[in-house]
Amino acid sequence: SLSYALGMLQSGAEGSTRREILSAMGLKSCSTDEVNDLFAKLIEWLPRVDTTATLQVANAVFTNSDHNVTLLNSFSQQMQDYYQAETFGIPYSDPSSVTAINQWCSTHTGGLIPEIMEELPQGIMDILNAIYLKAQWKKPFAEAQTLVAPFYNAQEKASNVMMMHQVSQMGY
């Protein structure tokens, strides 16, 4: 998921910022077009890898219209063409904008994540990525090993949720 967001971010970055992003992604020698092509292929191909699984990838760019932020048409087009990303300009000062972002997240996670934030930071842009996967585990989790544990959201607020546990040697 983070890789998609970094791919989108590098698409609009230049110079040392772009080089640092590509380095973090392990794609130092790739051009913007090569990175964008890679993610376009992943979005197209990954849902086809296992026809018994459901995989949906959604991306979006929200900009803060309070600061008159306007995306370049070329960037918006890249977001649509390579990442199937929606772009939105919303006033971050308006409390309903939090609702709009949370609704986007809920819609693209099948309602499993109904709220991703309680308030908007005072930035100028947010890049969102949601991956919805419904599939069978290759090594199923034992129900007896599912325990209540704290889960921390982006604001470091803890919620007690059921967490699956498994100790196993798994290749990736």
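Described below are features of the structure shown in this document.

What counts as what
Along each chain, numbering runs from 1 in the same order as the chain's sequence is written. Whole-chain, interface and lining totals are the exception, using all residues; otherwise, since this is a predicted model, local features are given only for residues with pLDDT of at least 70 and side-chain atom pairs are given and counted only at 80 or more. Note that the side-chain values use all heavy atoms of the structure and ignore hydrogens as well as water. What counts as a helix is a DSSP run of H or I of at least four residues, what counts as a strand is a run of E of at least two, and both are numbered from the N terminus. Only protein chains enter the accessibility calculation, which uses a 1.4 Å probe; a residue is then buried when its area is under 20% of its type maximum, exposed when over 50%, and partly exposed in between. By definition in these notes, contact holds between two residues if any of their heavy atoms fall within 4.5 Å. Accessible areas in this description were obtained via Shrake-Rupley with a 1.4 Å probe; residue shielding takes into account the shown protein chains only. An expected span of 1.5 Å times one less than the residue number is assigned to each helix. Definition used in this section: a nonpolar core is a set of buried Ala, Val, Leu, Ile, Met, Phe, Trp, Tyr and Cys residues joined via side-chain atoms within 4.5 Å. Inter-axis angles, ranging from 0 to 180 degrees, are taken between N-to-C directions of lines fitted to C-alpha atoms, where helices are fitted over the stretch in contact. Left-handed is the label given to a crossing in which the near helix is rotated counterclockwise from the far helix by less than a right angle, and right-handed is the label when the rotation is clockwise. In this classification, Asp, Glu, Lys and Arg are treated as charged, Ala, Val, Leu, Ile, Met, Phe, Trp, Tyr, Cys and Pro as nonpolar, and every other residue, Gly included, as polar. Here, any two strands with at least 2 DSSP bridges between them count as paired. In this scheme, patches are assembled from residues that exceed 30% relative accessible area and form no salt bridge. Like charges are connected within 9 Å, while nonpolar side chains (Val, Leu, Ile, Met, Phe, Trp, Tyr) are connected within 5 Å. Salt bridge, as used here: a side-chain nitrogen of Lys or Arg that lies within 4 Å of a carboxyl oxygen of Asp or Glu.

Section: the overall build of the protein
1) Next: In terms of regular secondary structure, the protein is built from 5 helices and 5 strands.
2) Next: Shown N-terminal to C-terminal, the secondary structure of the protein runs as helices and strands in the order α-α-α-β-α-β-α-β-β-β.
3) Next: Along the three orthogonal principal directions, the C-alpha set of the protein runs to about 55 × 40 × 30 Å.
4) Next: Going through the 172 residues of the protein one by one, you find that 30% of them count as buried.
5) Next: Of the contacts made within the protein by residues no fewer than 6 positions apart, 61% connect residues no fewer than 24 positions apart.
6) Next: Of the accessible surface of the protein, which amounts to about 11,700 Å², a share of 54% is contributed by carbon and sulfur atoms.

Regarding helix H5 (residues 96–108)
1) Next: Along its 13 residues, H5 runs 18 Å from first to last C-alpha, staying within 8% of the 18 Å computed at 1.5 Å per residue.
2) Next: Inspection of H5 places Ser97, Val98, Ile101, Asn102, Trp104, Cys105 and Ser106 among the buried residues, and these make up the whole buried set.
3) Next: Where H5 is buried, its residues meet strand E1 (54–64), strand E2 (85–90) and strand E3 (125–134).
4) Next: Looking one or two places after H5, you find glycine 110, whose phi comes out positive at around 60°.

Observations concerning the nonpolar core
1) Next: Ranked by size, the top nonpolar core spans 17 residues in total, and within it Met8, Met25, Val35, Phe39, Val61, Met79 and Tyr83 carry the most contacts.
2) Next: Residues in contact with methionine 25, not counting those within four places in the same chain, are Ser3, Leu6, Gly7, Val35 and Phe39.
3) Next: Tyr92, Trp104, Leu128 and Ala130 belong to the second largest nonpolar core, which has 13 residues in total.

As for the packing of helix H1 (residues 2–12) against helix H4 (residues 73–83)
1) Next: For the pair H1 and H4, the least separation of the axes is 10 Å and the interaxial angle reads 150°. In the packing of H1 onto H4, the handedness of the crossing is right-handed. Taken together, the residues of H4 that come into contact with H1 (itself represented by Tyr4, Gly7, Met8, Gln10, Ser11 and Gly12) are Phe75, Gln78, Met79 and Tyr83.
2) Next: Considering only residue class, the contact of H1 with H4 consists of 5 nonpolar, 5 polar and no charged.

Thoughts on the sheet that holds E2
1) Next: Taken in spatial order, the 3 strands make up an open sheet running E2-E1-E3, and their pairing is mixed. Single-partner strands in this sheet number two, and they are E2 and E3. Geometrically, the sheet is characterised by an average inter-axis angle of 20° between neighbouring strands, direction not taken into account.
2) Next: Of the pairings in the sheet, the one linking E1 to E3 comprises 10 bridges and is antiparallel in character. Bridged to alanine 58 within E3 is alanine 130.

As for a nonpolar patch on the surface
1) Next: Taken together, the side chains of Leu9, Ile124 and Met125 define a hydrophobic patch exposed on the protein surface, amounting to about 240 Å² of accessible area.
2) Next: Within the secondary structure layout, isoleucine 124 lies in the loop between H5 and E3.

Points about unusual backbone geometry
Trans is the prevailing form of peptide bonds, just as negative phi is the prevailing case for residues other than glycine.
1) Next: Look at glutamine 84: it is not a glycine, yet its phi comes out positive at around 50°.
2) Next: Mapping glutamine 84 onto the fold places it in the loop between H4 and E2.
3) Next: Backbone geometry places glutamate 156, a non-glycine residue, at a positive phi of 65°.
4) Next: The class for glutamate 156 is exposed, based on a relative accessible area of 69%.

In short, shape yes, function no, at least from these values alone.
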